[in-house]
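Notes for the structure review
Chain by chain, the residues run as shown.
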Amino acid sequence: MKKTNLLPGSLVLLTLLSCNKQIEKTSFQEKLKSSSFHSSLVSTGDVVGKITVGYQGWFSAKGDGSPINSFSHTNLEMWPDMREYKSAYEAVPFSQDGSTQPPFSGTLTNGQPATMFSSYDAGTVNLHFQWMRQYGIDCAALQRFANEISPGSLIKDQRDGMARKVETAAVANGIKFYIMYDASGWGDLNAIKSDWTNTIKGTLDLLNSSAYAKQNGKPVVSIYGLGYASHPSSAIEALDLINWFKNQGCYVIGSIPGGWLKGENTKPNFNETFAAFNMLSAWGVGGLIDNGYAAWIAGDQSFCREHGIDYQPCIYPGTAFHNTNGTISRKNEIPRQHGDLLWKQFATLKQASISTTYIAMFDELNEATSIFKVAEDSTMIPKGKYFLTLDADGVHVSSDFYLRLVHDGGDMLKGITPYRLKLTTPFTTSANSGVTFYQSSAYQGDVSAIIPPGKYNLQQMAALGVKNDWASSIRIPKGRVITMYSDDNFSGWSWTLNADTPDFSKLNPNANDLVSSCIIK
């Protein structure tokens, strides 16, 4: 999602809101009165008390079968770890130092092909949602851009196709999702109403999906961009859109400027409009995570409590824009601090008794906010090129480190594990993590929990997501050894493994759908 960031020293353009007409003032007050301010602080559903990630799904490639059938959003700041993707695309054009490069024909530094995934591949989306399930993510906010929903356009066809693929993957993996409209720079808010009515509810019929997120029994929708200084809509126009969605029976989240309480990058006289949302989520990317961070969170939390609305803090791992902007942006603009930056945000939320959060973002390679699997070091990026790697802060971490960190942070927010001020997530999985079983071969299908060393009988295996006679493949981190047994209580045929095994049917004897207990060392 292309956001206005709260970077230090950024210029803020304040657009004055004209309220000089008595008729507009009267209309605004009437709309405020019609808006529901009921409290949902004690609530049930799919976003309150849950871990949500922003999901772009905007990468495409030539030959991927998508409506636009070309590479898109190639201003990559990070490079994906492609080792688990079934489909990959070569000759990727990308940016370096602010300039778009011709299609790259070389390899990664380690000699492997330099390939990119397409979000439009169903296998890609399913893999991403498998990771969400595996690492404790509850919900995905699918980004939908107001300037890309014109009926009949190829880009709308692209976004509609992505929505269908997300819905399919969400159902298959037990993840919830909702639509998050990005209205930044887009003044025709009626286009959003039409899109919701004709496409989201109509053609796509997403609200009838078992995976579509609901809060307090209402379908969830989020809107980013209203109230920003650069946004063309007035407070009354924004309020009209919020109330329109409420009248459709929706639970409405507002993704608003991060510094809104201080008036930073925010139009004046918008607080009453913001209070009309069911939930507030102030955009955090680029914000300083320093000694003033707790006060920032406390201020937003207090406003939400006073107005009886829910609060969804937006947190992020770090960010950079060098390959997009060139030399005007540092190569490691806001460092991740090998996970410490993100963990400090988790710890602050826990101290404030907050169990709900939105993480920006899951797959945002362009602004280097992605938490999914990306290049660990220079051996995993195109040879001779620059991309921000996970070891940029001097510590090597595995490509799944931020997913594991989010899993640990989510467990802490939910009270599953106790408060921890300092990050304890292992940097790598070689000596500390456990094994992961998969229902199907090639690491596909349903996924078990990450199972640490120990002895697990049939009942204990089932509690961790490994049903009897269910598993078909397994991932085993370096240094781990597992002995699997065909019967309960470590009896029957056995198989001893010390490396990833993509197909149990190839073992001797065949172990496919036969595992009932195991010992992990």
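Please read these numbers as outputs of a predicted model, since none were measured by experiment.

Here the focus is the pattern of salt bridges. Under the criterion given, the structure shown has 14 salt bridges. Between Lys-373 and Glu-84 there is a salt bridge, with its nearest N and O atoms 2.5 Å apart. Within this pair, whereas Lys-373 is found in the loop between β12 (357–359) and α10 (401–413), its partner Glu-84 is found in the loop between β1 (51–55) and β2 (95–96), the two being separated by 289 residues in sequence. Residues Lys-373 and Glu-84 agree in their burial class; the two are buried. Counted as one network, the salt bridges with shared partners bring together Glu-84, Lys-373, Arg-475 and Asp-500.

We now examine the sheet that holds strand β15 (residues 454–456). Spatial strand order, β15-β19-β17-β18: 4 strands in an open sheet with antiparallel pairing. Each edge of the open sheet is held by one strand with a lone partner, namely β15 and β18 (491–497). This sheet shows a mean twist of 15° between the axes of neighbouring strands, independent of strand direction. Taken together, the 4 bridges between strand β17 (residues 482–487) and strand β19 (residues 517–520) define a ladder with antiparallel strand orientation. In the sheet register, Thr-483 faces β19, and the bridge partner there is Ile-519.

For the bond from Ala-360 to Met-361, the omega torsion is -5°, close enough to zero to count as cis. Within the element layout of this structure, Met-361 appears in the loop between β12 and α10. The phi angle at Asn-265 is positive, at roughly 55°, despite the residue not being glycine. Here Asn-265 is to be found in the loop between β8 (251–256) and α6 (271–274). Its identity is not glycine, yet Asp-513 carries a phi of approximately 55°, on the positive side. Position of Asp-513 among the secondary structure elements: in the loop between β18 and β19. By relative accessible area, Asp-513 is classed as partly exposed at 33%.

For strand β7 (residues 218–224), the tally of buried residues reaches 6 of 7 residues, placing the bulk of the element in the interior. Direction of pairing for strand β6 (residues 214–215) relative to β7: antiparallel, over a ladder of 2 bridges. Bridged to Lys-214 within β7 is Pro-219. Between β6 and β7, which follow one another and run antiparallel, lie 2 residues, and Asn-216 among them has a positive phi close to 55°. Both β7 and β8 contribute to a ladder of 5 bridges, which runs parallel. Bridge assignment links Val-220 to a residue of β8, and that residue is Tyr-251. In terms of handedness, the path from β7 via helix α5 (residues 235–247) over to β8 forms a crossover that is right-handed.

For Ser-399, the location among the structural elements is in the loop between β12 and α10. A distance of 2.8 Å separates polar atoms of two side chains, one belonging to Ser-399 and the other to Asp-81. When neighbours within four sequence positions are excluded, Ser-399 is seen to be in contact with Asp-81, Arg-83, Phe-372, Lys-373, Val-374, Glu-376 and Leu-390.

Locating Thr-266 in the fold gives a position in the loop between β8 and α6. Within the structure, the side chain of Thr-266 is placed 2.7 Å from the backbone oxygen of Glu-264, a separation counted as a polar contact.

This paragraph deals with the sheet that holds strand β14 (residues 444–447). Judged by pairing direction, the sheet is antiparallel, and its 3 strands sit side by side in the order β14-β13-β16 without closing on themselves. The two strands at the open ends of the sheet, each matched to only one other strand, are β14 and β16 (473–475). Neighbour-to-neighbour, the strand axes of the sheet open up by a mean angle of 40°, direction not taken into account. Relative to β14, strand β13 (residues 436–440) runs antiparallel, the two sharing 2 bridges.

With 13 residues, α5 extends 18 Å between its outermost C-alpha atoms, agreeing within 8% with the 18 Å of an ideal straight helix rising 1.5 Å per residue. Counting buried residues in α5 gives 10 out of 13 residues, a clear majority hidden from the surface. Where α5 is concerned, the buried positions are Ala-235, Ile-236, Ala-238, Leu-239, Leu-241, Ile-242, Asn-243, Trp-244, Phe-245 and Lys-246. Directly beyond the C-terminal end of α5, a positive phi value near 85° is found at Gly-249.

What counts, and at which threshold
Residues numbered from 1 in each chain as written. Predicted model: local features only at pLDDT ≥ 70, side-chain atom pairs only at ≥ 80, totals over all residues. Heavy atoms only, no water. Salt bridge = Lys/Arg side-chain N within 4 Å of Asp/Glu carboxyl O. Helix = DSSP H or I, 4+ residues; strand = E, 2+ residues; numbered from the N terminus. Buried < 20%, exposed > 50% of the residue type's maximum accessible area, 1.4 Å probe, protein only. Pairing = 2+ DSSP bridges. Axes fitted to C-alpha atoms, helices over the stretch in contact; angles between N-to-C directions. Right-handed = clockwise from strand over helix to strand, strands pointing away. Polar contact = N/O pair within 3.5 Å; in protein donor to acceptor, adjacent residues only side chain to side chain. Contact = heavy atoms within 4.5 Å. Expected span 1.5 Å × (residues − 1).

Worth remembering: the numbers are spatial, not functional.
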